[in-house]
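# Analysis of the macromolecular model
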Amino acid sequence: MPVSGEAAQAAAQDGAEGAAQAALDETVLHVLDGGVSWITLNRPEAMNAVTWDQRERIVALLEEASADPAVRAVVLTGTGRGFCAGADLRGTPAPARERVPGDVARTIRLGAQRLIAAVLDCEKPVIAAVNGTAAGIGAHLAFACDLVLAADTARFIEVFVRRGLVPDGGGAYLLPRLVGPRRAKELMFFGDALPAADAERLGLVNRTVPREELEALAKEWADRLAAGPTRALALTKQLVNASLDGDRATAFAAEAAAQEINMTTRDANEGVASFVERRSPEYRGR
């Protein structure tokens, strides 16, 4: 039977979309292992500079992690010498028209800021395993994570000033809360590379280890989180993040509400019962 023109066109489109998805799956590797969602940027030839498509994939995976009870922790990492060297502007879709006022702000809001918000808002704990250079939005991607592990060869660079740009991706929100306004300004005003050991000293990194030990440590921490009380961890993350923006009364009210919600979970009741019964708890993430 001859194939109609419309059917042939649809088949070609499906084939193109399938090929594009396959290519994306090669540049954002994803594995679910024992309750841990491993998300790995895989463009080592570009130091894992993140494209528009990769960003959308990471956001989708983080949203899926929040909604999927089988996912109980997330690890973000990269291959090669770079964790993420910032945004790859060459991978941005071409504008359909001439730029007008408001376009840049909208692009930042729906792009870099949305990526960082996806990490901050993920209901599962997110670990950054920083294997190499984290620059620009790549540095902010790491700083947005709940825990940061770094190879001793890694470095963090607020590269924006080198290009005459204002930091985006929530940098001016994240850094002062992590290291204070003066240190944040020093990093952003000069754009110097910050070695992993110095980043640990400033509190931007939890642990610095030799490169060959990074994956094992990330797995150890992620497995511990995945075996923990998932909903309690989600509520704890929410409380800590919100505490940086509110007053004491608001924080205390949020804490009481979180306790009320958490005590309806199976894991909270298991934790109390295991204490009374003098045994180790068995958390199910529910």
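Attention in this report is confined to the structure presented alongside it. (Residues numbered from 1 in each chain as written. Predicted model: local features only at pLDDT ≥ 70, side-chain atom pairs only at ≥ 80, totals over all residues. Heavy atoms only, no water.)

For the rest of this paragraph, the subject is helix α7 (residues 181-190). Working note: α-helix, 3.6 residues per turn, so residues spaced by three or four point in the same direction. Every buried residue of α7 is listed here: A184, L187 and M188. Looking down the long axis of α7, one finds its buried residues gathered within 90 degrees of arc, a one-sided arrangement. What points out from α7, more than 90 degrees from its buried face, is the exposed set R182, F189 and F190. Contacts made by the buried residues of α7 are with α6 (171-179) and β9 (193-195). Positive backbone phi, at 65 degrees, marks G191, one or two positions downstream of α7. (Buried < 20%, exposed > 50% of the residue type's maximum accessible area, 1.4 Å probe, protein only. Helix = DSSP H or I, 4+ residues; strand = E, 2+ residues; numbered from the N terminus. Arc of directions from axis to C-beta. Contact = heavy atoms within 4.5 Å.)

Next up on the list: the sheet that holds β9. Two orientations exist for strands paired in a sheet by backbone hydrogen bonds: parallel and antiparallel. Read from one edge of the open sheet, four strands run β4-β6-β8-β9, paired in mixed fashion. The sheet is open, and its two borders are formed by β4 (82-84) and β9, each paired with just one other strand. Recorded for the sheet is a direction-independent mean angle of 25 degrees between the axes of neighbouring strands. When strand β6 (residues 133-135) meets strand β8 (residues 155-157), the two strands line up parallel, connected through three bridges. Looking across to β8, one finds that T133 is bridged to R155. Of the strands in this sheet, β4, β6 and β8 are in contact with helix α5 (residues 137-144), which crosses β6 at around 100 degrees. (Pairing = 2+ DSSP bridges. Axes fitted to C-alpha atoms, helices over the stretch in contact; angles between N-to-C directions.)

Here the phi dihedral of N48 falls at roughly 60 degrees; this positive angle occurs in a residue that is not glycine. Note that N48 resides in the loop between β2 (36-41) and α2 (52-67). Residue classification places N48 among the buried positions, given a relative accessible area of 0%. One non-glycine residue, R278, lies in positive phi territory at about 55 degrees. Within the element layout of this structure, R278 appears in the segment after α12 (266-276).

Within the structure shown, the criterion is met by 14 salt bridges. The partner of R183 in a salt bridge is E186, with the nearest N and O atoms 3.5 Å apart. Separated by three residues within a single helix, R183 and E186 lie in helix α7, roughly one turn from each other. Overall, E186 belongs to the partly exposed group, its relative accessible area being 41%. The partner of E270 in a salt bridge is R279, and the shortest N-O contact between them spans 2.6 Å. Among the residues examined, E270 registers a relative accessible area of 10% and is labelled buried. (Salt bridge = Lys/Arg side-chain N within 4 Å of Asp/Glu carboxyl O.)

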